[in-house]
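So you can see what is in the structure, the chains are spelled out below.
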Amino acid sequence: MAQIRVFVLDDHEVVRQGLLRLIDADPDMTVVGEASTAHEALVRVPLCDADVALLDVRLPDGSGVEVCRELTATAPSVRCLMLTSYEDDEALLAAITAGAAGYVLKEIRGPQLLDSIRLVAAGRSLLDPATTARVLERLRVSQRHDARLDLLTAQESAVLDLIGEGLTNREIADRMFLAEKTVKNYISSLLAKIEVRGRTQAALFIAEQHRLHPEAAAISVPEPRESRGRSDAGPAADR
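Only a predicted model underlies this, so the values are computations on that prediction, with no experimental measurement involved.

## Digging into the overall build of the chain
(1) Moving on: Across its full length, the chain carries 12 helices and seven strands.
(2) Moving on: Within the chain, the fraction of its 239 residues that count as buried is 46%.
(3) Moving on: Counted over contacts in the chain with a minimum sequence separation of 6, partners at least 24 positions apart contribute 68%.
(4) Moving on: Counting only carbon and sulfur atoms, one obtains 53% of the accessible surface of the chain, whose full area is about 11900 Å².

Printed below as a string of structure tokens:
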């Protein structure tokens, strides 16, 4: 029986080496590559003919979610298993929309992680149905009634809500496990779709939607925040 070919992406050297030893010690698996950054992973994974990519969510130059999204588009035969330090609905939503096959916490025990890799390699999903349903229902309810908001993608809707909370591009990127450049692109797109000219108008727009539809806003009521200053995302997002 062919061994499961696994690629490991984690920016923490000690954690990554521990994962490599754990996987290589299993007779059913072999490590075919490793990386510590998103850029390295996107270059190396397609060259390794991996069956499963074990991807850390938080990385110094982006996120494993972005890597998963890119691999889903360019190397669909690779099954992505997300590895994160804590459970979070935003992270799970991002993993679902990126096409991840599974999502596990770093506190998972070694034998359980190996079993998870086997299940993912066999074509199974490790996204718990009940949790997935809860997150998708949250997303459905968060869609506002203004027709312009129907034009937004799930990610753009989430970005708009965070603009309404007063978050900068960098803070939005951290919250959604995206690259800051990706957030800037989402903002430029959503501003055009809702037909407003800048972040301030976008924040006022979503605040008005929350006011008109408090039953929909109950999931994520914006909290008052002091101005955090401009991000470095450029004029397309801040004008």
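## So, the environment of glutamine 201
(1) Moving on: For glutamine 201, the position within the fold is in helix H10 (residues 199–212).
(2) Moving on: A residue is classified by how much of its surface remains accessible, and glutamine 201, at 39% relative accessible area, is partly exposed.
(3) Moving on: When the C-alpha positions of glutamine 201 and glycine 164 are compared, they lie 9.7 Å apart, and in sequence the two are 37 residues distant.

## Quick notes on the packing of helix H3 (residues 64–74) against helix H4 (residues 89–98)
(1) Moving on: The interhelical angle for the contact between H3 and H4, taken along N-to-C directions, is 15°, at an axis separation of 8 Å. The angle between the axes of H3 and H4 places the two elements in the roughly parallel class. Handedness of the crossing formed by H3 with H4: right-handed. Across the interface between the two elements, Val65, Cys68, Arg69 and Thr72 from H3 touch Ala94, Ala95, Thr97 and Ala98 from H4.

## Considerations on the confidence of the model for the chain
(1) Moving on: Considering every residue of the chain, the mean pLDDT works out to 83; 83% of them sit at 70 or more.
(2) Moving on: Here helix H12 (residues 235–238) is the element of the chain with the lowest mean pLDDT, 40, and strand S1 (residues 4–9) is the one with the highest, 98.
(3) Moving on: With pLDDT under 50 throughout, residues 215–239 is counted as low confidence; its partners more than four residues away or in other chains account for 48 contacts.

## Considerations on the pattern of salt bridges
Side chains carrying opposite charge are able to pair once their charged atoms draw close together.
(1) Moving on: Tallied over the entire structure, the rule returns 12 salt bridges.
(2) Moving on: Residue arginine 69 is joined to glutamate 66 by a salt bridge in which the shortest nitrogen-to-oxygen separation is 2.3 Å. In this pair, arginine 69 and glutamate 66 are both assigned in helix H3, three residues apart and thus about one turn of the helix distant.

## A short note on the nonpolar core
(1) Moving on: Core analysis: the biggest nonpolar cluster contains 31 residues, and Phe7, Leu9, Leu55 and Met82 have the highest contact counts within it.
(2) Moving on: For this core, the secondary structure elements donating two or more residues are S1, helix H2 (38–48), strand S3 (52–56), H3, strand S6 (79–84) and H4.
(3) Moving on: The element best represented in this core is H4, accounting for six residues.
(4) Moving on: Counting residues in hydrophobic clusters, the runner-up holds 21 residues, among them Leu162, Ala173, Leu191 and Val196.

## Here's the deal with helix H1 (residues 13–24)
(1) Moving on: Here H1 spans 16 Å end to end across 12 residues, near enough to the 16 Å set by a 1.5 Å rise per residue.
(2) Moving on: The set of residues buried in H1 consists of Arg16, Leu19, Leu20 and Ile23. All buried residues of H1 fall inside an arc of 100° around its axis, so they share one side. Away from the buried face of H1 by more than 90 degrees, exposed residues Val14 and Arg21 are located.
(3) Moving on: Turning to H1, the residues buried within the fold contact S1, strand S2 (29–35), S3, S6 and helix H5 (110–121).

## Quick look at the pairing of S1
(1) Moving on: Among the six residues in S1, five count as buried, and that is most of the element.
(2) Moving on: Summarising the sheet, S1 and S2 pair through six bridges and their orientation is parallel. Counterpart to arginine 5 in the pairing with S2 is threonine 30.
(3) Moving on: This β-α-β element, S1 to H1 to S2, shows right-handed connectivity.
(4) Moving on: One ladder, built from four bridges, connects S1 with S3; its direction is parallel. Along S3, the bridge assignment pairs leucine 9 with leucine 55.

## Let's talk about the pairing of S3
(1) Moving on: Across the five residues of S3, five count as buried, placing the element largely inside the fold.
(2) Moving on: The side-chain alternation of S3 yields two buried faces, one formed by Val52, Leu54 and Asp56 and the other by Ala53 and Leu55.
(3) Moving on: Pairing between S3 and S6: five bridges, direction parallel. Its bridge partner lying in S6, alanine 53 is registered against cysteine 80.

Conventions we followed
Residues numbered from 1 in each chain as written. Predicted model: local features only at pLDDT ≥ 70, side-chain atom pairs only at ≥ 80, totals over all residues. Heavy atoms only, no water. Helix = DSSP H or I, 4+ residues; strand = E, 2+ residues; numbered from the N terminus. Buried < 20%, exposed > 50% of the residue type's maximum accessible area, 1.4 Å probe, protein only. Contact = heavy atoms within 4.5 Å. Areas by Shrake-Rupley, 256 points an atom, 1.4 Å probe, with all protein chains shown as cover. Axes fitted to C-alpha atoms, helices over the stretch in contact; angles between N-to-C directions. Parallel < 35°, antiparallel > 145°, perpendicular 65-115°, else oblique. Left-handed = near helix turned anticlockwise from the far one by under 90°. pLDDT = per-residue confidence, 0-100. Salt bridge = Lys/Arg side-chain N within 4 Å of Asp/Glu carboxyl O. Core = buried A, V, L, I, M, F, W, Y, C linked by side-chain atoms within 4.5 Å. Expected span 1.5 Å × (residues − 1). Arc of directions from axis to C-beta. Pairing = 2+ DSSP bridges. Right-handed = clockwise from strand over helix to strand, strands pointing away.

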